[in-house]
Amino acid sequence: MLSEKELAEVEKELAHYEKRKAGCIGALKAVQKHRGWISDECLKDIAQYLEMTPDELDNVATFYSSIYRRPVGRHVIFICDSVSCYTVGYRELLRHLSERLQIKPGQTTSDGRFTLLPAACLGVCEKAPALMIDEDVHGNLEPPEKVDEILERYK
Amino acid sequence: MDNRTEKKREQKPLTGSFRADGKPLDIFEYEQAGGYEALRKAVKSMTPRDVQEEVKSSNLRGRGGAGFPTGQKWSFVPTGEGAPIPRYIAANADEMEPGTFKDRILMENSPHMLIEGMALAAYATGAEHAYIFLRGEYVTAARALEGALAQAYEKNYLGKNVLGSGFSLEMHLHLSAGRYMCGEETGLLNSLEGKRAMPRAKPPYPQVSGFMGKPTVVNNVETLCNVPHIIRNGAAWFKSLSLGQDGGTKIYGASGRVKRPGAWELPMGTTIREILEVHAGGMRDGYKFRGLIPGGASTEFLIEEHLDLAMDFDSLQPAGSRMGTGTMIILDDRTCPVGMQISLQSFFARESCGWCTPCREGLPWIVHTLNSIEDGKGEMEDMDLLLDQARLLAPGHTFCALAPGAAEPLMSGVKYFREDFERHIREKRCPWPME
Ligand SMILES: Cc1cc2nc3c(=O)[nH]c(=O)nc-3n(C[C@H](O)[C@H](O)[C@H](O)COP(=O)(O)O)c2cc1C
Ligand code: SF4
Ligand code: FES
């Protein structure tokens, strides 16, 4: 069941569109903000609300990289692996993060604090190498140890 | 540098009014800098056709990468009695082309400029609805645009009966959920309709049948930001800003191991060398220049001998490349050209929508082959196989421009750095190991 608050936010997303279906990406994101990820159960509820079949909605949900169909940690780290970052220390940053958090891209730390995911260019290439934690971009992470102090801000 | 060039260099219509602290210009600051004068002028004293004509004669070409003449694009929209309604404007603010960050800078610093440009595009094509299709990761830009939209409605630059003119426009901000294909204009329209961002067959072009099957103009953010300046100061002025045929200034950028990575507004047609050596400050100490990709990941590599070419839509063609987004990525002597290629091709492989066989099957195979070369397990035959695969990605074999875009850095990369690829194979290891 979607909560009142979630429903209100979904409605806000739908307001800009003539067809309810057209607002489905915004609706998924609004609900995900509350739940962290979109479970099968939750997908069904949203689909019903938008007058779509769950398959139809899942087809959309799985296409986009910032809609999670699997549980994620409390904080999601998107590390940019695109070309500008690659030339300015992406590999060193990834190695450092993996060692420190003891996870590979796609995995979540055992305490559920961080999920590490690869990301396409974050559009801050002048600050390469870069990563994004939740909604915050952090750049110029060379040497990679600069990320240690930043991680401390996300409990 | 002669005086004329020096004068042109001082003109920065897009970025000249930016605040020093990086905060977005609010509506009062924007108005003080001449903002919304163009919209006022257009709705009060120009016909939609006049606006189109002014933009046409300014030689403004699309800044999304392909350089399509903007005025001409607008002229394909059917208008007048019996033309389909409603019509739409979509600002392409998806900016996911690796190495590209210019639209972000424009939106974070001057959100009203984009809004005014879209309002003018809407007026010129009789559109009543406009969407800003923004990539979700651009949180700062989203906040700036949300604030600016509210202010613009409040002052009746948007909404019903704009400035008492009878022209009405509703504008919305749409936050995307992350996929490169959303930037392809027909993928964008599908995504805006709440579908997967698969491309559509063209024709029909979006100008005729776009969002919800209605006429839609899709323009890049930087393209739209130029429009208020053209309408305010005239086409002749706009043309005079440029060093070549294409009108205006251009936001150029540089990333990689240069001293000052960043973006600069310069006359269209500035040389690569000037951008690299003067504005980006040249290479960082201890690094040598080997090559660059001039305008985002899907453009062809250039090398030392090309540095004096002008960055505009036509000048790089003889060298087999193109300006693309105008934000260049530099390859230095301490970065492995094979590794850089793996980063490029992995991006395209991951972002492929899977519709066409050469793209869906070919790109993962290319990544696999590059990885085995990088790991010292490659064979000499792999070089020709790579090129064969790249040829299959060429225009005409696939449904959209993603696959041809992947072939561009691959073929040119192999051409200019073949010896480095072959060294991996001969020595059975990467000559640039990670420290
Ligand atoms: C895979 C792919 C991704 C694209 N991404 C963008 C983008 O993020 N922003 C953009 O303005 N154009 C992008 N384009 C180009 C658009 O399809 C379109 O040409 C452009 O938005 C037109 O605007 P303009 O005429 O103002 O340049 C992309 C094209 C392809 C094939
Ligand atoms: S070229 Fe690639 S991304 Fe474009 S339609 Fe074909 S499979 Fe999809
Ligand atoms: S390549 Fe990493 S932010 Fe652009």
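Treat the numbers as computed from the prediction; the structure is a model and nothing was measured.

## Quick word on the overall build of chain B
- The helix and strand tally for chain B stands at 16 helices and eight strands.
- Here chain B has a C-alpha radius of gyration of 22 Å; the compact-globule value for 435 residues is 22 Å, and the two agree.
- With the C-alpha coordinates aligned to their principal axes, the bounding extent of chain B is approximately 75 × 50 × 35 Å.
- The buried share of chain B, reckoned over its 435 residues, is 62%.
- As displayed, chain B offers around 16,000 Å² of accessible surface, 51% of which is attributable to carbon and sulfur atoms.
- Both charge centroids of chain B, one from 50 positive and one from 55 negative side chains, sit 2 Å from each other.

## Quick word on the pairing of strand β2 (residues 114-119) of chain A
Residues and elements named next belong to chain A.
- Across the six residues that make up β2, a large majority, five, are buried.
- The sheet contact formed by strand β1 (residues 75-80) and β2 spans six bridges and is parallel. The residue bridging I77 from the neighbouring strand is L116, located in β2.

## A short note on the sheet that holds strand β3 (residues 131-133) of chain A
Residue and element names in this part refer to chain A.
- The four strands are arranged β2-β1-β3-β4 in an open sheet whose pairing can be described as mixed. The strands lining the two open edges of the sheet, one partner per strand, are β2 and β4 (136-138). Between one strand axis and the next, the sheet turns through 25° on average, direction left out of account.
- The pairing of β3 with β4 spans three bridges and is antiparallel. Note on β4: the bridge partner recorded for M132 is V137.

## Concerning the site of ligand 2
- Taken together, 13 residues form the shell around ligand 2, and within it C353, W355, C356, C359 and C400 of chain B come nearest.
- A per-class count over the shell around ligand 2 returns 10 nonpolar, three polar and no charged.

The rules we used
Residues numbered from 1 in each chain as written. Chains lettered and ligands numbered in written order. Predicted model: local features only at pLDDT ≥ 70, side-chain atom pairs only at ≥ 80, totals over all residues. Heavy atoms only, no water. Helix = DSSP H or I, 4+ residues; strand = E, 2+ residues; numbered from the N terminus. Rg over C-alpha atoms; globule rule 2.2 N^0.38 Å. Buried < 20%, exposed > 50% of the residue type's maximum accessible area, 1.4 Å probe, protein only. Areas by Shrake-Rupley, 256 points an atom, 1.4 Å probe, with all protein chains shown as cover. Lys, Arg positive; Asp, Glu negative; His and termini not counted. Charge placed at Lys NZ, Arg CZ, Asp CG, Glu CD. Pairing = 2+ DSSP bridges. Axes fitted to C-alpha atoms, helices over the stretch in contact; angles between N-to-C directions. Near = heavy atom within 4 Å. Nonpolar A, V, L, I, M, F, W, Y, C, P; charged D, E, K, R; others polar.

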